[in-house]
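The chain contents come next:
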Amino acid sequence: MIPRATYRLQFHGDFTFADGEALVPYLARLGISHLYASPVTTARPGSRHGYDVIDPTRVNPELGGEDGLRSLADALHGHGMGLIVDIVPNHMAASPDNAWWMDVLQHGRDSRHARTFDIDWDNGDPELAGKVFLPILDRPRAEALAAGQHTARYGDAELPLDGGACLPAWWRTAGDRINWRRFFDINELVCLRIEEDDVFERVHELILRLVDEGIVDGLRVDHVDGLTDPAGYCRKLRRRIGPERYLVVEKILLRDESLADDWGCHGTTGYDFMDAVSALQHDATGERPLAGLWHTISGRPRDFDAEETAARREVIARGFGASLEACAASFRGLSAGNELGLPALRRVLVELLAHFPVYRTYGTNSDRRFVTQAAEAAKRTCPPGDRWAIDWLVAHIDEEPAATRLRQLSAPVAAKAVEDTAFYRYGRLLSRNDVGFDAHRFSLPAEAFHARMLRRRATFPHALLATATHDHKRGEDVRARLAVLSAVPVEWAARQRDWLDRLLPLRRESLPDAGDIAMLLQTIVGAWPLDGDRTGFAERIAAWQEKALREAKLRSDWSEPDERYEAAARALCEELLADGEVPGLLRDIETFVQSIAAAGAVNGLAQTLVKLTAPGVPDFYQGCELWDFSLVDPDNRRPVDFERRRRSLESADLVAALARWRDGTAKQALIARTLALRRIAPELFSEGDYRPVVIQGPGAGDLLAFERRHDRDAILVVVPRLPTSFMSDRTAPCLDAAQLEQLALSLPHDGPWHDGPWHDVLRGGTARDLRPAALLEALPVALLSTRAV
C-alpha cells in the first residue's frame, strides 16, 4: 500500500469529486499512484478548504456526497490507483451550521456533546461557570445590554445575552477570556477531545467505515500536534485501520527534531524535506550580506532569532492570554507545597514559550534537550529573581494535567509567531520563510543534506516528500528562483537599493515603510511570470501584500486594519506594476528577473528530480507539474488549467521541452519520465538504500550526487546545487560543460551494473561517460538507471 507518488487535490463546491474523477486518466498517465484529497467530510457551506468540519459523519454533499466519493474511488481503483484522504481530528467549526456545537450552546453541560469539545467548564471565571464563552458581539456586552439588546443573532438562532448555556461576548475579548481551546487563535474553530474514546468513535465513524470498505486506502492526519496525545492517537488509529494502510501526519520538525518511531505512522507530510531541499539550494556566502542589507533597509533585526522571540511574546499577549492563565493555574495546582504564585508562573511560562525551539514536547526523554535549551535561554532574558522559578517549572514540566496544557499552548504559539507573524516581518530572503522551514538555518551543504536523507532512509523511508502544499507561503518555483539571489548578493543589493531610491516619489508621507517595499520587490521578482503574460499579476501581488501587512502585525492587522497605511502600500504597488510613475523601473525589474530566471528554472528541475528519487514518496500539489509561481493562499488555491496539462503531457520529451523552458513542460516531462521508472522498479525506490556519491574537483560542493540501490537495480542522480557556478549563459537553463570539466564522480565499484552501460532515463539512450561534464551537457540534471524505461 506504499504509494509510488501522490497528487494533492483541493475539493470544494466548484471542484467536486466528479471533476477529480475526470482527471484520473491524466494522473495515471503522469505516473501518480494515489490521489491525495483534501478533507471530504461535511464542512461549512461554501468552504474552500474543508477544514471547518460541521459533520464528520457524512461525506460533504457539496463535493458530491458519498456516491460521488465512491465513484471517484472506483475510477482510481480501475486505473490501479488509490485514494488518500485528509482527516481533521483536532477541531470542528464553531459555527451555527454545526449541530453538535449548537447543542452545547443550547444545553451546556447537559448536552451529549459537552465533552466532545475541549471546554473548560470551571476555569475560575465566576461569570463563565458552566457556560461557553461565545465571542460574537460587535461591541462590549455591557454596551449591548445598556442599549436594550437582550439576544444575539447566531445563524438562525437567537441566543440570550443573559441566562443561557453560553455567554455571548465582544469578539475582541476572546484571547483573554475564552474558556475553550481554539485552533490557533481562530474563534471559528473549536478543538475536540479526541483522546476520549467515544469522541474518537463518533468523529472517525465515517472515515473508518470507508477504510474498512476499501474506498479509502490511506489517511493524512491534519495538525497532529494539536492533540492531547499525538502518539496515543496515532497508535489507536493504526490499530483501527490495520497494519497495511498508508498513514502520515502533518507535523513540523525544527532544529534537527525527529518524529518518534513508535507512533505507528509512515512519517510526516513532507515539510521537513521541503525545508531541506530549499536550504540545499541556498549559497551560504549570501547569508551575511543579505541579512545586513535587510537590516539596513528595514531597521529590523539581522537575525531571525530576535524577530521570532519578539513575535512569540506578542502573540502570547494578544491571542493566548486565557490559555496562558489556564496553563499557569494548572501548574499552580500541581501540589499543595507549591510556593509559586500565578503572576510568577505567568512570567516564567512566557519566557519559556518565547524561547521554545520546537512546536511542542511529548514527555519523552528525547524532549529534554529542547526543554533545557528553552530554559537556558529563558534564564538569560528573565529577571534574575525569576531563575529559580524557571528551575521549578522545568522540574515539573512533565506532570499532568499541566504538561498537556503547556504542550497544547506551545504548538499554536509557535505556529502563530513563526509562520503567521515573524515570517512576514523578516525579509533577509523570503525563500527561507515557509511553512515548516527552519529560518535559523539559511543554507545546507551537500554533506548535511546527505545525512538527512540517510536518516530518513533509516527511520521513515515512506514519508511524503513535498515541495509545494495548500499551505505554502510561496510556490516551489518562486522559492527556487529567489534562492538564486543568495549566490548574487552584491548584485541584488545594488538593484534593490536603486529600485528603492527610484520608488521614493511613490511613497505618500513616507508610507509604506522601506522594509515592506523591499519584501514587495522580492515577491515581484520571485513570482514574475516567465511567459510575459501579466494578466491579473498586479491584483495577485496586491492581495499578497495586504495579507502580508496584516499577518506581520506591525503597521496593520486583521483585527484592526490601518486603512491609511494599506492604501499607501496598495497605491505604490499598483503604480509600480503599471509602470506609469517611474519610467523604466518595471522594465529594469523584468530585465533582472530574466537574468536569474534560467538559474531558478534549473533549481526547479533539480529540486523536482531530488524529490522524485530521494527516500520517500514524492507528493505533487495540484498544477505544480508545470512551473509554480503561486503565492500564499488563496493564491495557491486558484483554479488549475488541467486541459493544458493534459495536452502537454502527450508530447513529454524533456530535451525538446527544455528548448521552450519558459512554459514549464520540461518539469512535467521530468516528472513523467522519472515516475515511469518508479513504476517498473518500485522496490528500488521503496526499499533501496541511499548512498552519497563523492564529487572531486574545484566547485565540487556546488553539485549533489547520490545512488539508490536494491538487489541488481540502481540509479545515479546528479544535480547542480548552486547552478550559477556552472552557467556562462544566464538566459538559458543549461550548464557550461567547460566549467564542469575538472569535476569527477567517485563511484563505488561494488555492484554488477558498473561493468555495463547506464540507461539515461531523461535523455534516452545509454551513458558510458559518467563525468559531470558529459552527464549534464544537454540537460542540467541527470538520472541514470540500470533499467531501461
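Note that the coordinates shown come from a computational prediction; the quantities given were computed from them, not determined experimentally.

Participant: Looking at this structure, how should I read the nonpolar core?
Facilitator: As a rule of thumb, soluble globular proteins bury nonpolar side chains together. Core analysis: the biggest nonpolar cluster contains 170 residues, and F331, F449 and L775 have the highest contact counts within it. The biggest single contributor to this core is helix α22 (residues 585-613), with 15 residues. Counting residues in hydrophobic clusters, the runner-up holds 88 residues, among them A5, Y7, L27 and I215.

Participant: Is there a simple way to think about the environment of T608 in this case?
Facilitator: Its place among the elements puts T608 in helix α22. Distance in space between the C-alpha atoms of T608 and F620 is 9.6 Å, their sequence separation being 12 residues. Look past the residues within four positions of T608 in its chain and what remains in contact with it is E476, K667, L670 and I671.

Participant: Would you explain the sheet that holds strand β12 (residues 186-191) in this entry?
Facilitator: Sheet strands pair by backbone hydrogen bonding; their relative direction is either parallel or antiparallel. Pairing is antiparallel across the open sheet formed by 3 strands, whose spatial order is β6-β12-β11. Unpaired on one side and paired on the other, β6 (91-93) and β11 (182-183) mark the two borders of the sheet. Judged from the 2 bridges that link them, β11 and β12 form a sheet pairing that is antiparallel. The residue of β12 that forms the bridge with F183 is I186.

Participant: Can you help me understand the pairing of strand β24 (residues 782-785) in this one?
Facilitator: In the case of a regular strand, side chains alternate between the two sheet surfaces. Here β24 shows no split at all, with A782 and L784 on one side and L783 and S785 on the other all buried. Sheet topology places strand β20 (residues 713-720) next to β24; 4 bridges connect them, and they run antiparallel. Within β24, the residue paired with V718 across the bridge is A782. Bridging between strand β22 (residues 758-760) and β24 involves 2 bridges; their strand directions are antiparallel. Its bridge partner being in β24, H759 is matched across the sheet by S785.

Participant: Even after reading the chapter, I still don't get the sheet that holds strand β13 (residues 218-221), so can you show me in this structure?
Facilitator: The 7 strands lie next to each other as β14-β13-β5-β2-β1-β16-β15, forming an open sheet whose pairing is parallel. Looking at strand neighbours, the two that pair on one side only are β14 (246-249) and β15 (464-465), the edges of this open sheet. Bridge analysis of β13 against β14 gives 4 bridges, and the strand direction is parallel. Pairing of V221 across the sheet is with V249, part of β14.

Participant: Looking at this structure, how should I read the packing of helix α8 (residues 271-280) against helix α16 (residues 446-459)?
Facilitator: How two helices pack is summed up by the angle between their axes together with the distance between the axes. Relative to each other, α8 and α16 sit at 160°, their axes nearing to 10 Å. By the angle class used here, α8 and α16 are roughly antiparallel. Judged by the twist between their axes, the crossing of α8 over α16 is left-handed. In this structure, α8 contributes D272, F273, D275, A276, V277 and L280 to the contact, and α16 contributes A446, F449, R452, M453 and R456. Per-class residue counts for the contact of α8 with α16 are 7 nonpolar, no polar and 4 charged.

Participant: For this particular structure, what's the right way to read unusual backbone geometry?
Facilitator: Trans peptide bonds make up most of the peptide bonds, and negative phi angles are found at most residues other than glycine. Geometrically, the link from E400 to P401 is a cis peptide bond, its omega value of 5° lying close to zero. Among the structural elements, P401 can be located in the loop between α14 (387-395) and α15 (402-419). Omega for the bond connecting D633 with P634 falls within 30 degrees of zero, at 10°, which places this linkage in the cis form. Not every positive phi belongs to a glycine, and D256 is a case in point at roughly 60°.

Participant: I'm lost on empty space enclosed by the protein in this one. Help?
Facilitator: Rolled over the atoms, a probe sized like a water molecule indicates the empty space that remains. Inspection of every chain in the model, using the stated rule, returns 10 cavities of 30 Å³ or more. Here the largest cavity is characterised by a volume of approximately 150 Å³. As for the largest cavity, its lining consists of 17 residues, of which T41, P56, I87, V88 and V203 are closest to the centre. Within the lining of the largest cavity, the residues separate by chemical class into 13 nonpolar, 3 polar and 1 charged. Along its surface, the second largest cavity is lined by Y424, D516, M519, W544, Q545, A548, L549, A552, K553, L554, R555 and S556. Every element with two or more residues in the lining of the second largest cavity is listed here: α19 (514-527) and α20 (537-552). Per element, the largest residue contribution to the lining of the second largest cavity is 5 residues, and it comes from α20. In terms of residue class, the lining of the second largest cavity is made up of 7 nonpolar, 2 polar and 3 charged.

Participant: Sorry if this is basic, but what is going on with the environment of V40 here?
Facilitator: Take V40: it is sitting in the loop between β2 (34-37) and β3 (41-43). On the basis of relative accessibility, which here comes to 1%, the residue V40 falls in the buried class. In sequence terms V40 and E575 are 535 residues apart; their C-alpha atoms lie 42 Å from each other. When sequence neighbours within four positions are dropped, the list of residues in contact with V40 reads F17, R58, V59, N60, L63, L69, V85 and D86.

Participant: Could you clarify how one ought to interpret the side chain of E551 in this entry?
Facilitator: Checked against the element boundaries, E551 lands in helix α20. The class for E551 is buried, based on a relative accessible area of 8%. Those residues within four positions of E551 in sequence are excluded, and the remaining contacts are D420, T421, Y424 and W558.

Participant: Would you mind going over the side chain of D477 with me for this structure?
Facilitator: Structurally, D477 can be placed in helix α17 (residues 476-483). The exposure class assigned to D477 is buried, which follows from its relative accessible area of 2%. Reaching out from D477, the side chain makes a polar contact with the backbone nitrogen of D628 at a distance of 2.7 Å. Once you skip the residues sitting within four places of it in the chain, D477 turns out to touch G604, Q607, L626, W627, D628, F629 and K667.

Participant: Just to check I follow, could you spell out the packing of aromatic side chains for this structure?
Facilitator: The relation between two aromatic rings is expressed through the spacing of the ring centres and the mutual angle of the planes. Throughout the structure, instances matching the rule amount to 16 aromatic pairs. Between F304 and Y426, the aromatic rings sit 5.4 Å apart at their centres with planes inclined by 65°, giving edge-to-face as the arrangement. Taken together, the positions of F304 in helix α10 (residues 304-319) and Y426 in the loop between α15 and α16 put the pair 122 residues apart, joining distant regions of the chain. We classify F304 as buried; its relative accessible area is 4%. Y426 gets classed as buried once you look at its relative accessible area, which sits at 0%. Between the aromatic rings of W492 and W499, the centroid separation amounts to 5.8 Å while the plane-to-plane angle is 80°, which identifies the pairing as edge-to-face. W492 gets classed as buried once you look at its relative accessible area, which sits at 1%. The exposure class assigned to W499 is buried, which follows from its relative accessible area of 1%. Among the aromatic residues, those joined into a ring-pair cluster are F11, F15, F17 and F642. Cation over ring: R8 sits above Y36, and NZ or CZ is 4.8 Å from the ring centre.

Participant: Would you mind showing me how to read the pattern of salt bridges here?
Facilitator: Any two side chains of opposite charge can pair, given that their charged atoms come close. Scanning all chains against the criterion turns up 77 salt bridges. With its nearest N and O atoms 2.7 Å apart, the salt bridge here joins E351 to R313. A residue pair is termed long-range when its members are at least 10 positions apart, and E351 in helix α12 (residues 342-354) and R313 in helix α10 qualify at 38 residues. Connected through salt bridges with shared partners, the residues R255, D256, D305, D438, R441 and R452 form a single ionic network.

So, how was this worked out
Residues numbered from 1 in each chain as written. Predicted model: local features only at pLDDT ≥ 70, side-chain atom pairs only at ≥ 80, totals over all residues. Heavy atoms only, no water. Core = buried A, V, L, I, M, F, W, Y, C linked by side-chain atoms within 4.5 Å. Buried < 20%, exposed > 50% of the residue type's maximum accessible area, 1.4 Å probe, protein only. Helix = DSSP H or I, 4+ residues; strand = E, 2+ residues; numbered from the N terminus. Contact = heavy atoms within 4.5 Å. Pairing = 2+ DSSP bridges. Axes fitted to C-alpha atoms, helices over the stretch in contact; angles between N-to-C directions. Parallel < 35°, antiparallel > 145°, perpendicular 65-115°, else oblique. Left-handed = near helix turned anticlockwise from the far one by under 90°. Nonpolar A, V, L, I, M, F, W, Y, C, P; charged D, E, K, R; others polar. 1 Å grid on protein atoms, 1.4 Å probe; cavity = no way out; pocket = protein on both sides within 12 Å on 5 of 7 lines; lining within 4 Å. Points joined across faces, edges and corners; volume = space filled by probe spheres on them. Polar contact = N/O pair within 3.5 Å; in protein donor to acceptor, adjacent residues only side chain to side chain. Phe/Tyr/Trp six-rings, centres within 6.5 Å; stacked < 30°, edge-to-face > 60°. Lys NZ or Arg CZ within 6 Å of the ring centre and 35° of its normal. Salt bridge = Lys/Arg side-chain N within 4 Å of Asp/Glu carboxyl O.

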